[in-house]
Amino acid sequence: SNVTYLPAKGKSAPAAEVLAFDTGPGNMLMDGMMEQNSRHRMDRNGATAGRGKVNIELLKKLMRHPFVRQAPPKTTGREAFGQHFVLEVTRSAKQLGLRFQDTLATVTAFTAQSIAFNCRKFILPKTSLPAGRAGLAEVIVGGGGTKNATLMAMLKEALAPVPVLTFEAFSMDSKAIEAMAFARLAYEAILGTPNNLPSATGARRSVVMGKIIPGSSFGLS
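This one's a predicted model, so the numbers in the text were calculated from it and none came from an experiment.

A separate point is the overall build of the protein chain. If you tally the helices and strands in the protein chain, you get 10 helices and 4 strands. Based on the C-alpha atoms only, the size of the protein chain along its principal axes is roughly 60 × 55 × 35 Å. Within the protein chain, the fraction of its 221 residues that count as buried is 39%. Sequence separation of at least 24 residues holds for 66% of the intrachain contacts in the protein chain that already meet a minimum separation of 6. For the protein chain, the exposed surface amounts to about 13,300 Å²; the carbon and sulfur share of it is 56%. One finds the centroid of the 27 positive side-chain charges in the protein chain at a distance of 3 Å from the centroid of its 15 negative side-chain charges.

Following this line, the structure appears as structure tokens:
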């Protein structure tokens, strides 16, 4: 999962105030647990996790993962939360004698808590609402995780009292989040406009990312 912070000033805000980084496993760990321990590739609607109970001991152990507490800029993927981590969590759950529903509920809580922790730790101190006070006006969630009712409920609880909305509340499709982002990156690249944010990536300067490779539609052989 990843988070992007947009200042309340909107377009008038300096680019350096925009933050973006990965926070933790997102759907990856939940899906991996389902594939490892069931015949399904995902916890549809969060139904299985919804029947379980979060194990606080395992949750605390997961929250000690070094990436969760690492300061941004940071990014991760399967190298940190892939199959080897699924097996590690499975072993820990068996040692605790947990039912699969309880294990899945716990890793779902881990996803929600890791997002909330990163928001509080690394974003909240840098925020400024129009009234001049620190805080988040709202959190907007996109991606397949929005279909997981248990995850969304846990995320809303973890981020309360900040309102948690989905892309659909703004007439956008949560499943199109990556496609929309890369379409915008391509558009800016065609215009020759710098399309990276050093404050998010840690780059030394702004550059035009991406290459335009003309295809047959350009009349080239």
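Don't stop here, the text continues.
Attention shifts here to a positive patch on the surface. Taken together, the side chains of K60, K61, R64, R69, R91 and K121 define a basic patch exposed on the protein surface. With respect to the helices, strands and loops of the structure, R64 is situated in the loop between α3 (56-63) and α4 (66-69).

This part takes up the pattern of salt bridges. This structure, assessed with the given rule, holds 2 salt bridges. For R99, the salt bridge identified is with D102, shortest N-O distance 3.0 Å. E188 is the partner of R184 in a salt bridge, and the nearest nitrogen-oxygen pair spans 2.7 Å. Of this pair, R184 and E188 both sit in helix α9 (residues 177-191), 4 residues apart, which is roughly one turn of the helix.

Take α9 next. Note: α-helices contain 3.6 residues per turn, so residues at a spacing of three or four share the same orientation. Look at α9: 22 Å from first C-alpha to last across 15 residues, which is about the 21 Å you get at 1.5 Å a residue. Count one or two residues on from α9 and you reach G192, which has phi positive near 75 degrees.

In this structure, T23 sits in the loop between β2 (19-22) and α1 (27-37). Residues in contact with T23, not counting those within four places in the same chain, are S1, N2, V3, F67, V68, S114, I115 and N118. Here S1 takes part through its side chain, which lies 2.7 Å from a polar atom of the side chain of T23.

Along the chain, P72 connects to P73 via a cis peptide bond; the corresponding omega equals 5 degrees. By secondary structure assignment, the location of P73 is in the loop between α4 and α5 (78-81). Following A160, the chain continues into P161 via a peptide bond in cis, with omega recorded as 10 degrees. The residue P161 is located in the loop between α8 (149-159) and β4 (164-166) in this model. Phi at N45 is positive, roughly 65 degrees, even though this residue is not glycine. Relative to the helices and strands, N45 resides in the loop between α1 and α2 (47-50). Phi angles above zero are rare outside glycine, and S171 is one such case at about 60 degrees.

The next subject is the side chain of T111. Within the fold, T111 resides in helix α7 (residues 100-123). By relative accessible area, T111 is classed as buried at 1%.

We now examine the packing of aromatic side chains. Counting across every chain of the model gives 4 aromatic pairs. Taken together, the ring pairs connect F67, F81, F85 and F110 into an aromatic cluster. Sitting above the plane of the F117 ring, R69 keeps its charged end 4.8 Å from the centroid. Here K74 stacks its cationic end above the ring of F67, 4.7 Å away from the centre of that ring.

How each quantity is defined
- Note on numbering: residues in each chain are counted from 1, in written sequence order.
- Residue-level local features of this predicted model are given only where pLDDT is at least 70; pairs of side-chain atoms are given and counted only at 80 or more, and the full residue set underlies all totals for whole chains, interfaces and linings.
- Side-chain figures throughout are based on the complete set of non-hydrogen atoms in the structure, without hydrogens or water.
- The numbering of helices and of strands both runs from the N terminus, where a helix is a DSSP run of H or I of at least 4 residues and a strand a run of E of at least 2.
- Three exposure classes are used, based on accessible area relative to the maximum for each residue type with a 1.4 Å probe and protein chains only: buried under 20%, partly exposed in between, and exposed over 50%.
- Every residue pair with non-hydrogen atoms within 4.5 Å of one another is taken to be in contact.
- Computed with the Shrake-Rupley method and a 1.4 Å probe, the accessible areas treat only the protein chains shown as cover for residues.
- Neither His nor the chain termini are counted; the positive set is Lys and Arg, and the negative set is Asp and Glu.
- By convention, charge coordinates are those of NZ in Lys, CZ in Arg, CG in Asp, or CD in Glu.
- What makes a patch is a set of residues exposed beyond 30% relative accessible area and free of salt bridges, joined within 9 Å when like-charged and within 5 Å when nonpolar (Val, Leu, Ile, Met, Phe, Trp, Tyr).
- Salt bridge, as applied in this entry: a Lys or Arg side-chain nitrogen positioned within 4 Å of an Asp or Glu carboxyl oxygen.
- What a helix is expected to span follows from its residue count: subtract one and scale by 1.5 Å.
- Polar contacts here mean pairs of N or O atoms no more than 3.5 Å apart (in protein, one a potential hydrogen donor and the other a potential acceptor; neighbouring residues in sequence count only if both atoms are side-chain atoms).
- Any pair of Phe, Tyr and Trp rings, taking the six-membered ring for Trp, is counted once the centres come within 6.5 Å. Such a pair is stacked with planes under 30 degrees apart, edge-to-face with planes over 60 apart, and tilted for the rest.
- Each ring is checked for a lysine NZ or an arginine CZ that lies within 6 Å of its centre and within 35 degrees of its normal; such an atom marks a charge sitting over the ring.

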